[in-house]
Amino acid sequence: MIREWTRGLAALSLLLIGTAGAWAGNGVVVYQSDFGQKDGAVSAMRGVAIGVDRDLKLFDLTHEIPAYNIWEGAYRLFQTIEYWPADTVFVSVVDPGVGTDRLPIVAKTRDGRYVVTPDNGTLTLVADRFGIDAVRIIDTKKHRLAGSADSATFHGRDVFSYVAAKLAANKVSFEELGESLPPEKLIHIDYKKPAQDGKALVGAIPVLDVQYGNVWSNIDKTLVDKLALKKGDKLKVTILKAGKPVYKGTAPFVDSFGDVPEGKPLLYLNSLLELSIAINMGDFAGKNKVSSGPDWSIRVERP
Amino acid sequence: MIREWTRGLAALSLLLIGTAGAWAGNGVVVYQSDFGQKDGAVSAMRGVAIGVDRDLKLFDLTHEIPAYNIWEGAYRLFQTIEYWPADTVFVSVVDPGVGTDRLPIVAKTRDGRYVVTPDNGTLTLVADRFGIDAVRIIDTKKHRLAGSADSATFHGRDVFSYVAAKLAANKVSFEELGESLPPEKLIHIDYKKPAQDGKALVGAIPVLDVQYGNVWSNIDKTLVDKLALKKGDKLKVTILKAGKPVYKGTAPFVDSFGDVPEGKPLLYLNSLLELSIAINMGDFAGKNKVSSGPDWSIRVERP
Amino acid sequence: MIREWTRGLAALSLLLIGTAGAWAGNGVVVYQSDFGQKDGAVSAMRGVAIGVDRDLKLFDLTHEIPAYNIWEGAYRLFQTIEYWPADTVFVSVVDPGVGTDRLPIVAKTRDGRYVVTPDNGTLTLVADRFGIDAVRIIDTKKHRLAGSADSATFHGRDVFSYVAAKLAANKVSFEELGESLPPEKLIHIDYKKPAQDGKALVGAIPVLDVQYGNVWSNIDKTLVDKLALKKGDKLKVTILKAGKPVYKGTAPFVDSFGDVPEGKPLLYLNSLLELSIAINMGDFAGKNKVSSGPDWSIRVERP
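Residues numbered from 1 in each chain as written. Chains lettered and ligands numbered in written order. Predicted model: local features only at pLDDT ≥ 70, side-chain atom pairs only at ≥ 80, totals over all residues. Heavy atoms only, no water.

## Thoughts on the overall build of chain A
Helices and strands together make up the secondary structure of chain A, namely 7 helices and 16 strands. The C-alpha extent of chain A, read off along each of the three principal axes, is 80 × 50 × 35 Å. When each of the 303 residues of chain A is scored for burial, the buried share is 61%. Summed over all atoms, the accessible surface of chain A reaches about 11,900 Å², with 51% contributed by carbon and sulfur. (Helix = DSSP H or I, 4+ residues; strand = E, 2+ residues; numbered from the N terminus. Buried < 20%, exposed > 50% of the residue type's maximum accessible area, 1.4 Å probe, protein only. Areas by Shrake-Rupley, 256 points an atom, 1.4 Å probe, with all protein chains shown as cover.)

Given below as structure tokens:
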């Protein structure tokens, strides 16, 4: 019986050692890319991570970032990062510069999440909203999938997923990854900040709520509160492309879609508490030929 | 040695306590929505759940329900729910009424699975086929992601995923979620039931097998058996939209696609054992301009 | 105290027994199909596997193989299989012959991975590159989801996912699955092998890097090395469909996209170290109307 106990405890020790790595580093990796999911690229990244540690938990943010669209990658990261637990490791690969001298980095946010990415602007909005505490430049001579040295075009698999897995599984520390880079040296994409302009609010249209055609601005609740709106108050809305009006209209400020009849426009705070315009059960962006990006801006004011 | 055993057992106890939550509630959450996967919405839902319990197992049913199409959400849930183990928690968010007074609920099916969803008809087919034992109205004052009170448009993240995760991780009981709602008060979408009409069988076309263009009816095996068909027997098929014939033809009743030559039509029992019509290696729905939904019906009979 | 230890050890034994299955067979299942993810088919497969063992780790290769395109399924498997750990079980269901007498099989690769699939050519490229050690024909009388005998059209759910889960969870051994089939009897799809032709290299275009429009050949690094190219050396490229030139041009051989200006063509070794042609930040295939498959070939030589 004693012998059986001993055996049991030996097995237990192995079990505890076996799971220790996964627990320490949180073990959660979240992937984003512009790869789509029609081919094997995303699966190869996942396989590399599971090869590092079978107990990692792998999730997707999205792989449908439009090809090469670093700005949209930056936005999706900003949109979701705070909903994941501390210590979660994000991999973001929108990487038109793969194989050039753009830096492969890992950034640590002020609230303790990690982003593994090429340094190409992907961190712009996360840095502005949540803050970056420290950055390491990945030493790809040391930290790279074994046998991948001849491959120059798929760092998502050979470097980023591999390093993220090691970090999440606690098999390498942040500090061991490579030299430090001052966070203020990260590449930053310029964009229009939201502001009050007399009695109006102005801001950018960083992104669309693509599935429904809702138009999201970056005018946040703090600014909106300055208009002291009551539910149902109407606002004049102008949407501009390169400074030229594309849409002019009026819409009530309400809580949600069902507060206006089907087919009617509404202004509301979206799920990030930023001012947005939509049509209840309709496609505002499609109907009014509105899109998003650096060229697009929005202006709202009382009539 | 004794001291080492004690330590080992202390560690064991922690391990057992640590995993207890996950085991008790099954720990499996399956998501469905009309969000698509191009943006961060699905990822935010997943992050909230992993924040509740890192050991949850998260899966997707689909996020490609056409926008606002509650009926199709109801069908996909009906199509797949029985293939998941008892105690699995489903989240279904096709929610055009988000932010209005439609009820956020959790339903418990007769065979012990859970569905977290707005009460808007999503449960129609699961209720009819599998039965609902009990329903709770989620008390969103108590059960809601901390800090999300100002957000009115994303209950998928702030309420449904959060509550599903707590339930699956055994951190809240079904009964604690809120007041009871009698299952017969759930919103129910009206649809044509399958029936025998003289020597013919008639039914609805609830959905297409979209990837291939196969047309699925709701005429089940029990009804089909009444025709006492032998493999290869030919049937006259009429497909109608709003009562007007869109397709008339004849097809043999066989086991599977390869039982007819490429390009030829066939009748067969689909993976839910319901009568369907397809073209071997072809797109029946596309070729014959057939679609699905409340307007569409089908009639089959011996020639 | 002794009593508590005994209890602890009893619990431990249960724990060890409980997890034993998952550990032994690696517990990782990777799915590929042409089902898309708009309906419930993939979810039903996942549910069946989790019903076999809740601790399995399920991943996707892709479900966007074009309908019935066995060749592309073969390629995606070849492209990714080596990045997953030994003992991983793959399920590949591109199965136009479902319900006919095509064989349901499990193949074991030389390096110890498993593929569960209909025998229809899906294993062509994995067999040629990595080697198949042994094949078993699944005895579907014995190994099939309980209650699924009346369903003839969804072996992905009823047979392949079910068997893969049992194998990955160590609940059935490879040898128990059914009779042995000599690997050389597997169905093999014919394709053009890469070769040297005088001073030129010729090969097939098995697939496109669809997301970006890059064109991948099967001319591997070993062959390319024979041209003794230096970075920047220019090559004449001819792409042919059914032997007729579709594209003629010249491009430099470089490491990666950023080595040429935006909008310019480049030749490079792709992530599988096979010669490819692309446009930096552009869509080579779209612009030049190039596609992939048995009809397409490529020829490169020094000017």
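Once the structure has been displayed, the description carries forward.
## What to know about the packing of aromatic side chains
This structure, assessed with the given rule, holds 28 aromatic pairs over all chains. Centre to centre, the rings of phenylalanine 35 of chain B and phenylalanine 154 of chain B are 5.5 Å apart; their planes meet at 80°, and the pair counts as edge-to-face. In this pair, phenylalanine 35 of chain B is assigned in the loop between strand E1 (28-33) and helix H2 (41-52) and phenylalanine 154 of chain B in the loop between strand E6 (132-137) and helix H5 (155-168), connecting sequence segments 119 residues apart. Residues phenylalanine 35 of chain B and phenylalanine 154 of chain B agree in their burial class; the two are buried. Measuring from ring centre to ring centre gives 6.4 Å for phenylalanine 78 of chain C and phenylalanine 130 of chain C, while their planes differ by 45°; the resulting arrangement is tilted. (Phe/Tyr/Trp six-rings, centres within 6.5 Å; stacked < 30°, edge-to-face > 60°.)

## Digging into the interface of chain C and chain B
Taken together, the contacts link 40 residues of chain C with 44 residues of chain B. Summing both partners gives a buried area of about 3,500 Å² for chain C against chain B, and 63% of it is carried by carbon and sulfur. The salt bridge partner of aspartate 55 of chain C is lysine 57 of chain B, with a shortest N-O separation of 3.5 Å. In this structure, the connection of chain C to chain B is made through 10 residue pairs in polar contact (both at pLDDT 80 or more). Of all the elements in the fold, those that place two or more residues in the side of chain C that touches chain B are helix H1 (2-24) and helix H2 (41-52) of chain C. With 8 residues, H2 of chain C is the largest single contributor of residues to the side of chain C that touches chain B. Of the residues in the side of chain C that touches chain B, the class split is 20 nonpolar, 12 polar and 8 charged. (Contact = heavy atoms within 4.5 Å. Buried area = accessible area lost by both parts, 1.4 Å probe. Salt bridge = Lys/Arg side-chain N within 4 Å of Asp/Glu carboxyl O. Polar contact = N/O pair within 3.5 Å; in protein donor to acceptor, adjacent residues only side chain to side chain. Nonpolar A, V, L, I, M, F, W, Y, C, P; charged D, E, K, R; others polar.)

## Re the sheet that holds strand E11 (residues 214-220) of chain C
Residue and element names in this part refer to chain C. An order of E10-E11-E15-E14 is seen for the 4 strands of this open sheet, with the pairing classed as antiparallel. Both edges of this open sheet fall to strand E10 (207-209) and strand E14 (265-269), since each of them pairs with a single strand only. Neighbour-to-neighbour, the strand axes of the sheet open up by a mean angle of 30°, direction not taken into account. Bridge analysis of E10 against E11 gives 3 bridges, and the strand direction is antiparallel. Looking at E11, one finds that valine 207 is bridged to tryptophan 216. Together, E10, E11 and strand E15 (274-279) form the strand contacts of helix H3 (residues 70-80), whose direction differs from that of E10 by roughly 60°. (Pairing = 2+ DSSP bridges. Axes fitted to C-alpha atoms, helices over the stretch in contact; angles between N-to-C directions.)

## A short note on unusual backbone geometry
Even without glycine at this site, asparagine 170 of chain A takes up a positive phi of about 65°. By relative accessible area, which is 44% here, asparagine 170 of chain A ends up partly exposed. With a phi close to 50°, alanine 228 of chain C is a non-glycine residue in the positive phi region. Its location among the elements puts alanine 228 of chain C in the loop between helix H6 (221-225) and strand E12 (234-241). Given the relative accessible area of 57%, alanine 228 of chain C is considered exposed.

## A short note on the pattern of salt bridges
All names here are of chain A. In this structure the tally under the stated criterion is 48 salt bridges over all chains. One salt bridge connects aspartate 255 with lysine 231, and the closest N-O pair in it is separated by 3.5 Å. Of this pair, aspartate 255 sits in the loop between strand E13 (244-252) and strand E14 (265-269) while lysine 231 sits in the loop between helix H6 (221-225) and strand E12 (234-241), and the two are 24 residues apart along the sequence. Looking at aspartate 255, the relative accessible area reads 39%, which means it is partly exposed.

## Considerations on the pairing of strand E15 (residues 274-279) of chain B
Residues and elements named next belong to chain B. Counting buried residues in E15 gives 6 out of 6 residues, a clear majority hidden from the surface. Residues of E15 alternate between two faces, with Glu274, Ser276 and Ala278 on one and Leu275, Ile277 and Ile279 on the opposite face, all of them buried. Here strand E11 (residues 214-220) runs beside E15; their pairing, made up of 3 bridges, is antiparallel. What sits directly across from aspartate 220, in E15, is glutamate 274. Summarising the sheet, strand E14 (residues 265-269) and E15 pair through 5 bridges and their orientation is antiparallel.

## Observations regarding the sheet that holds strand E3 (residues 89-93) of chain C
All names here are of chain C. Spatially, the 7 strands line up as an open sheet ordered E2-E1-E3-E5-E4-E6-E7, and their pairing is mixed. In the strand order of this sheet, the two ends are held by strand E2 (57-62) and strand E7 (180-181), each with one partner. Pairing of strand E4 (residues 104-109) with strand E6 (residues 132-137), which is carried by 5 bridges, proceeds in the antiparallel orientation. Of the residues in E6, the one forming a bridge with alanine 107 is valine 135. Relative to the sheet, H3 contacts strand E1 (28-33), E2, E3 and strand E5 (114-118), its axis offset from that of E2 by approximately 120°. Sitting on the sheet, helix H5 (residues 155-168) touches E1, E3, E4 and E5, and the angle it makes with E3 is about 170°.

## A closer look at the confidence of the model for chain A
Residue and element names in this part refer to chain A. Confidence along chain A averages 92 in pLDDT terms, with 92% of residues attaining 70 or more. Overall, residues 1-24 carries pLDDT values under 50, and its contacts beyond four positions in sequence, including any with other chains, amount to 35 contacts. Quick note on the complex model: pTM equals 0.90, ipTM equals 0.88. (pLDDT = per-residue confidence, 0-100.)

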